[in-house]
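Structural overview
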Number of protein chains: 2
Amino acid sequence: MATTNRPIPADASALDAEQLVGLGDMDPESFRAAAHRVVDLMADYIEDIERHAVLPPIAPGTVSGQLPTSPPDDPEALEAILGDYLRLIEPNATAWQHPGFFAYFASTASGPGILGEMLTAALGQNPMLWRTSPAGTELEQVVVDWLRQALGLPAAFDGLLTDTASTSSLIALAAARQAAGLDAAAVGLAGRQDVSALRVYASEEAHSSIEKACMTLGLGRASLVRIPTNDRFELRPDALQAAIATDRAAGRRPIAIVATVGTTSSTSVDPVAAVADIAARGGVWLHVDAAYAGAVAIDPGLRAPFAGWDRADSIIVNPHKWLWTPVDASLLISRRLEVVRDAFSLVPEYLRTVGSDGGGDGAGRNYNEYTPQLGRRMRALKLWIQLRWFGLDGLRRRIRRHLELAEGFAGWVDAEPGWERLAPVPFSTVCFRHVPASMAGDDAALDAHNAAIMDTVNRTGEVFLSHTKLRGRFTIRLAIGNLRTEIRHVERAWELLRAAAEEVEPR
Amino acid sequence: MATTNRPIPADASALDAEQLVGLGDMDPESFRAAAHRVVDLMADYIEDIERHAVLPPIAPGTVSGQLPTSPPDDPEALEAILGDYLRLIEPNATAWQHPGFFAYFASTASGPGILGEMLTAALGQNPMLWRTSPAGTELEQVVVDWLRQALGLPAAFDGLLTDTASTSSLIALAAARQAAGLDAAAVGLAGRQDVSALRVYASEEAHSSIEKACMTLGLGRASLVRIPTNDRFELRPDALQAAIATDRAAGRRPIAIVATVGTTSSTSVDPVAAVADIAARGGVWLHVDAAYAGAVAIDPGLRAPFAGWDRADSIIVNPHKWLWTPVDASLLISRRLEVVRDAFSLVPEYLRTVGSDGGGDGAGRNYNEYTPQLGRRMRALKLWIQLRWFGLDGLRRRIRRHLELAEGFAGWVDAEPGWERLAPVPFSTVCFRHVPASMAGDDAALDAHNAAIMDTVNRTGEVFLSHTKLRGRFTIRLAIGNLRTEIRHVERAWELLRAAAEEVEPR
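Scoring rules and cut-offs
- Residues numbered from 1 in each chain as written.
- Chains lettered and ligands numbered in written order.
- Predicted model: local features only at pLDDT ≥ 70, side-chain atom pairs only at ≥ 80, totals over all residues.
- Heavy atoms only, no water.
- Least-squares fit on C-alpha atoms with pLDDT ≥ 70 in both.
- Contact = heavy atoms within 4.5 Å.
- pLDDT = per-residue confidence, 0-100.
- Buried area = accessible area lost by both parts, 1.4 Å probe.
- Salt bridge = Lys/Arg side-chain N within 4 Å of Asp/Glu carboxyl O.
- Polar contact = N/O pair within 3.5 Å; in protein donor to acceptor, adjacent residues only side chain to side chain.
- Helix = DSSP H or I, 4+ residues; strand = E, 2+ residues; numbered from the N terminus.
- Nonpolar A, V, L, I, M, F, W, Y, C, P; charged D, E, K, R; others polar.
- Axes fitted to C-alpha atoms, helices over the stretch in contact; angles between N-to-C directions.
- Left-handed = near helix turned anticlockwise from the far one by under 90°.
- Buried < 20%, exposed > 50% of the residue type's maximum accessible area, 1.4 Å probe, protein only.
- Lys, Arg positive; Asp, Glu negative; His and termini not counted.
- Phe/Tyr/Trp six-rings, centres within 6.5 Å; stacked < 30°, edge-to-face > 60°.

1. Quick word on the relation of the copies chain A and chain B
Aligned on chain B, chain A shows an RMSD of 0.0 Å; the corresponding rotation is 180° and the shift along the axis is 0.0 Å. Such a combination of turn and shift is consistent with a two-fold rotation axis. Of the residues that chain A buries at the interface, 100% are likewise interface residues in chain B, meaning the two copies contact each other through the same surface.

Below, the structure is given as structure tokens:
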């Protein structure tokens, strides 16, 4: 073939087969063998997950202190690398896959989800444009619509998969900013006499990602008005109404309301329907953050907490939380997806496509026009495999099981003298503390006591709990959501908690 | 163990082993077998990659039209799912892994990188806090520092891995906004009398992600001042200086300058040292976008285009471009990482940690404080495995090979009558067009002609080229960067281009 070309210039003349030694990728047969080897490590890790401490008992610097401070110049053998992986990485990785993971919200990588990630890695897609991944783009459209249907939402909702709830909410609030008619995408917010102070409303229990989105978007933390909650930690519509009226009277401009179904601290449920009424009256964008609890809506019998969310402008649900998709996968759906596009669309010449997908009717969707990022991972494949492998009924069964386990645990706490539950349990997370008679009424002592209990339990390595504060009180959370959690793990957590309460309690 | 607990309340009494049927994850042995099966599909795909069309010859709707419109209620067999994967996904995925991928900038998932993604998926880490992944957090610190050293940058630079250059640049510009002392994270930009119009400067060839970051951050597209370039498409420092002076005189406030080493259209190189002088004099944040070309700096002999970048406030280099890391992995390093943290840090109670990593000296790094997102993937593992498997010398050899291939191709274009090169080739991307005598001087005809040539070549499925416009002219780009590209693929591209030029040219 080279003979059909003009001579290669002298400075490129060394481009012969000889030089291919040490170039290119790992050869295909070596890759195949290595990948089989790696599968066994992966399967061993998952099979033996309970031999790992959920929370590694190490101090900062433990891992980095054992690694070379400089990168190698020469290639290293794969076995040496995998040996270091087994020695340094696995034991020092927090075991999110462990059935005793009760901290934060669980994020299990299910078996079928991992298979999806494997294929995704080999395909190497970047579905930023339809053209750069027709399969990735269209599978995302299909999977997003499957999820919409599973959640019982109307066909007016359409959307995309992002990395995290933080990004999904940021996109939603950017759309709200755009919908307010400020033309912020074009003109920005700074130095304008025609733009008053902007306001976003969310309950005092709403997730920090809402506040962070306000920071990122140039709205600032001060733009976020924290609405008080009732004794169940649910946003009070009367307070929301009053806050909006006060702000309008002061010349500030409400642009979005965030209602949360399943707050992070206590999984409380804001009254979405009442909030939707207020949003509709005020012409304000309604965003529903159901990152954790949204998974419950796949069961039609369990949709009461979501009543009214079909009237939202945007909704987020994180499959990488309670639908056991490997991190990362967050679903953002909106009934005003064109506004999302207005907020983020930019098409430079090098991204324009020539040919049938270039625009007009029947054009492929170019997902980069809906996100702050241009490049993106193909996240649909793992979801597609998972949804089919489990089936919706299989997912529903597992969700119901977690709800039952949490209800059981809450019952144990309620029935045990010296323990108190600090919040209702609408989903799978229980908030509680130990209240020994000697400390009754002394919240500072109780805070320290419960922190010590939690720390003691976490040090066992058998379970991992995290905490929050509710009404200023140190609150231990037991959040059920790991796919592998069985009743024995919940029982063990309760046993360890009671033992720790005995152990740390000064007698 | 159950006997040590209080009786389970009646409504949770069905929690017995029987119900575990159909709960939990895929069982470990089934997972192992399935993952081995999947590895063979992955290895087959890569081994046979040249049997796939680089750009699938399909129209929008081809994939979605063959998928069920609703999700299944019942579980499906893995073999059925994998069968559909082979039938519908692989052939309709743009083959980023194909050695004939010359479009945009290539993004190969190397073999060792894929192994890293596999382990990452099984570990299921979320290194948002040190505590939620000590191994993920510390490996990221180590790998970031390895990359810094490999790039020849001083120890004052520290940073993190994000998903994309878009996110990395957004973070950098948010830090610039913060560094300007506007307290935007706290107070925002809207409705303030004390904040003048803000300005960001980048060449007219800078990437769209800079403009998109301005949109997202509330600066607006209007805040981005596009500085003219010279005949090599390099930012003109005199024009930058003048633009800043004009803006200051008009009461606008410069907050950041973006210099690009390796622009997207032509891979031109802004004069970083001269720009750094201007940034230093003006007290303005300097961000260097080397997302594509930064990889070249791992070779100390090839650092001339980067002179002065060590004086930047922030720099981005994308390992998922020319270092063959599977998507996604973008490196953001800054010599003012504390400002990045000021722009994004928020620590609600449920993210506070109790114990040794909770703060103070020797505390673990909590990476979520540096990003718009809270949750994040463990991206360090694949990089660590890759850097060790290839070794820096191995990476350098491959980079140099790509530079040689591009130089060779540019020489063929230069030597062939009727073809013209439209930009210098500082790295591995060649910009050119066909100029038949019959169309000389008729740019509209030439644009259509070259679009037709590119479309014809892309339809062969053997190679995939994309285009840009340079000085308004339709420009075909051949960007070398796929790890598997050999000289035969570059030769074939040239052969196909010349054949297409014959074919589409009206005689």
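2. Brief notes about the confidence of the model for chain A
Residue and element names in this part refer to chain A. Residues with a pLDDT of 70 or more make up 93% of chain A, whose mean pLDDT is 93. Note that residues 1-20 has pLDDT below 50 and, in this model, 36 contacts with residues that lie over four places away or in other chains. Interface predicted TM-score (ipTM) for the complex: 0.95; the corresponding pTM is 0.95.

3. Remarks on the interface of chain A and chain B
The interface of chain A with chain B comprises 207 residues on the first partner and 208 residues on the second. The contact between chain A and chain B buries some 17,300 Å² in all, and 61% of this surface belongs to carbon and sulfur atoms. For chain A, the biggest contributors to the area lost against chain B are Lys212(A), Tyr350(A) and Arg388(A); these three give 5% of the whole. Where chain A meets chain B, there are 14 salt bridges. For Glu47(A), the salt bridge identified is with Arg32(B), shortest N-O distance 2.9 Å. Taken together, chain A and chain B are joined by 81 residue pairs in polar contact (both at pLDDT 80 or more). Top element by residues in the side of chain A that touches chain B is helix 12 (residues 380-415) of chain A. It accounts for 22 residues. In terms of residue class, the side of chain A that touches chain B is built from 104 nonpolar, 53 polar and 50 charged.

4. Side note on the packing of helix 12 of chain A against helix 2 (residues 78-89) of chain B
For the pair helix 12 of chain A and helix 2 of chain B, the least separation of the axes is 10 Å and the interaxial angle reads 145°. You can see that helix 12 of chain A and helix 2 of chain B cross each other, and the crossing is right-handed. Mapping the contact onto sequence places Leu381(A), Trp384(A), Ile385(A), Arg388(A) and Trp389(A) in helix 12 of chain A and Leu78(B), Ala80(B), Ile81(B), Asp84(B), Tyr85(B) and Ile89(B) in helix 2 of chain B. Across the contact of helix 12 of chain A with helix 2 of chain B, the residue classes tally to nine nonpolar, no polar and two charged.

5. Some words on the side chain of Arg177(B)
Along the chain, Arg177(B) falls in helix 5 (residues 165-179). Although buried, Arg177(B) forms no salt bridge, and the nearest oppositely charged side chain, Asp183(B), lies 9.6 Å from it. Reaching out from Arg177(B), the side chain makes a polar contact with the backbone oxygen of Met215(A) at a distance of 2.7 Å. In contact with Arg177(B), not counting residues within four places along its chain, are Met215(A), Thr216(A), Leu217(A), Gly218(A), Leu182(B), Ala184(B), Leu189(B), Leu217(B), Leu219(B) and Ile255(B).

6. Remarks on the packing of aromatic side chains
The description of an aromatic ring pair rests on the distance of the ring centres and on the angle between the ring planes. Residue and element names in this part refer to chain A. All told, the structure shown has 34 aromatic pairs over all chains when counted by the stated rule. Geometrically, the ring pair formed by Tyr292 and Trp322 is stacked, given 4.9 Å between the ring centres and 5° between the ring planes. Residue Tyr292 is found in the loop between strand 5 (285-289) and strand 6 (314-317), and its partner Trp322 is found in helix 10 (residues 319-322); the two are separated by 30 residues along the sequence. Among the residues examined, Tyr292 registers a relative accessible area of 4% and is labelled buried.

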